[in-house]
Amino acid sequence: MPATPAPMTAPGARQRCVGCGAEFAPGDGPVHRYLESAPGCWARYGELLAREYADRAVYPVHRLSVDAYAVQHPGRESPQTIQSAAVHLIRLSLLLEQGLAPERANAVMVEASGRRTTYRWLEPPPVRGTVTVADLDPAAPAAEYVRAVRRWAEDVWAAWQVHHDTVRRWRDERVRR
Ligand SMILES: [Zn+2]
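Definitions and limits used
Residues numbered from 1 in each chain as written. Predicted model: local features only at pLDDT ≥ 70, side-chain atom pairs only at ≥ 80, totals over all residues. Heavy atoms only, no water. Helix = DSSP H or I, 4+ residues; strand = E, 2+ residues; numbered from the N terminus. Buried < 20%, exposed > 50% of the residue type's maximum accessible area, 1.4 Å probe, protein only. Contact = heavy atoms within 4.5 Å. Areas by Shrake-Rupley, 256 points an atom, 1.4 Å probe, with all protein chains shown as cover. Donors = N, O, S within 2.8 Å, 3.2 Å for Na, K, Ca; no water. Tetrahedral: all angles 85-135°; square planar, octahedral: opposite > 155°, others 65-115°. Axes fitted to C-alpha atoms, helices over the stretch in contact; angles between N-to-C directions. Parallel < 35°, antiparallel > 145°, perpendicular 65-115°, else oblique. Left-handed = near helix turned anticlockwise from the far one by under 90°. Nonpolar A, V, L, I, M, F, W, Y, C, P; charged D, E, K, R; others polar. Phe/Tyr/Trp six-rings, centres within 6.5 Å; stacked < 30°, edge-to-face > 60°. Salt bridge = Lys/Arg side-chain N within 4 Å of Asp/Glu carboxyl O.

(A) Molecular detail of the overall build of the protein. Across its full length, the protein carries six helices and two strands. The helix and strand sequence of the protein, counted from the amino end, reads β-β-α-α-α-α-α-α. For the protein, buried positions account for 48% of its 177 residues. Residue pairs in contact within the protein that sit at least 24 positions apart in sequence constitute 68% of those at least 6 positions apart. Summing over all exposed atoms, the protein offers an accessible surface of approximately 9,500 Å²; the carbon and sulfur share of this is 54%.

Printed below as a string of structure tokens:
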């Protein structure tokens, strides 16, 4: 079987992420199973996750970061992506609009995730925010890191504005609090 030819990329060329639109060094590394992204974007997010797991001072924004990444890279319509976008948008709403503590928002999300047949595909907005993982520094001081993740999550949530009412309805109808 012939080897797959390498993409024709000039030296120094960048690879645009289909999810967030940021540009990364070209690569063929792993990506998430259904949250479609450039390999460089997924690798960068891995560095952010490593920081969040290792540093208690930034862990409080870990769930915001998971939600922001998921809905900035929503993938294509499938049962998994429908579920993923719905529950991550619901949790963003709980965290950003209702100010729920992360543990409480997470418990609510777990409950919302159990309702498997109740969501529909939300057509992702063509531009899902202007802040991306490329703007986040995994080595930033904790306070700065926390602010940056919050800014990122707020930016991505705002980009989904056309679906806010639907998400709020799902949040309020299907989530017991
Ligand atoms: Zn990306």
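(B) Quick peek at the coordination of the zinc ion. For the zinc ion, the protein coordination sphere consists of Cys-17 (SG), Cys-20 (SG), Cys-41 (SG) and His-73 (NE2), at 2.1 to 2.3 Å. Viewed at the metal, the four donor atoms of the zinc ion are separated by angles of 100 to 117°, and the geometry they form is tetrahedral.

(C) Fine view of the packing of helix 3 (residues 79-97) against helix 4 (residues 102-113). Two numbers describe how helix 3 lies on helix 4: the axes approach to 9 Å, and their chain directions differ by 150°. Classed by the angle they form, the pair helix 3 and helix 4 counts as roughly antiparallel. Crossing of helix 3 over helix 4 shows right-handed handedness. Contact residues: Gln-83, Val-87, His-88, Ile-90, Arg-91, Leu-94 and Leu-95 in helix 3; Pro-102, Ala-105, Asn-106, Val-108, Met-109, Ala-112 and Ser-113 in helix 4. Residues that form the contact of helix 3 with helix 4 fall into these classes: nine nonpolar, four polar and one charged.

(D) A look at the packing of aromatic side chains. Going through the model one piece at a time under the given rule, you end up with five aromatic pairs. Relative to Trp-152, the ring of Tyr-45 lies with its centre 6.3 Å away and its plane at 65°, an arrangement referred to as edge-to-face. Residue Tyr-45 is found in helix 1 (residues 39-54), and its partner Trp-152 is found in helix 5 (residues 142-159); the two are separated by 107 residues along the sequence. With relative accessibility at 0%, the residue Trp-152 sits in the buried group. Taking the centre distance of 5.0 Å and the plane angle of 65° together, the rings of Tyr-119 and Trp-170 count as edge-to-face. Residue Tyr-119 is found in the loop between helix 4 and helix 5, and its partner Trp-170 is found in helix 6 (residues 164-174); the two are separated by 51 residues along the sequence. For the pair formed by Tyr-119 and Trp-170, the shared burial category is buried.

(E) Just the packing of helix 2 (residues 62-72) against helix 3, in detail. As a packed pair, helix 2 and helix 3 sit with axes 9 Å apart at the nearest point and diverge in direction by 135°. In this view, helix 2 runs oblique relative to helix 3, as classed from their interaxial angle. Along this stretch, helix 2 crosses helix 3, giving a crossing that reads as left-handed. Residues Arg-63, Leu-64, Val-66, Asp-67, Ala-68, Ala-70 and Val-71 of helix 2 touch helix 3, and the partners they reach there are Ser-84, Ala-85, His-88, Leu-89, Arg-91, Leu-92, Leu-95 and Leu-96. Grouping the amino acids of the contact of helix 2 with helix 3 by side-chain chemistry returns 10 nonpolar, two polar and three charged.

(F) Representation of the pattern of salt bridges within the structure. What the rule picks out here adds up to 11 salt bridges. Where Arg-168 meets Glu-97, a salt bridge forms, and the shortest distance between an N and an O atom there is 2.6 Å. One end of the pair, Arg-168, is in helix 6; the other, Glu-97, is in helix 3, with 71 residues separating them in the sequence. For Arg-168, a relative accessible area of 27% gives the class partly exposed. The closest approach of N and O atoms between Arg-169 and Glu-173, which form a salt bridge, is 3.9 Å.

This is a description of form; function is not addressed.
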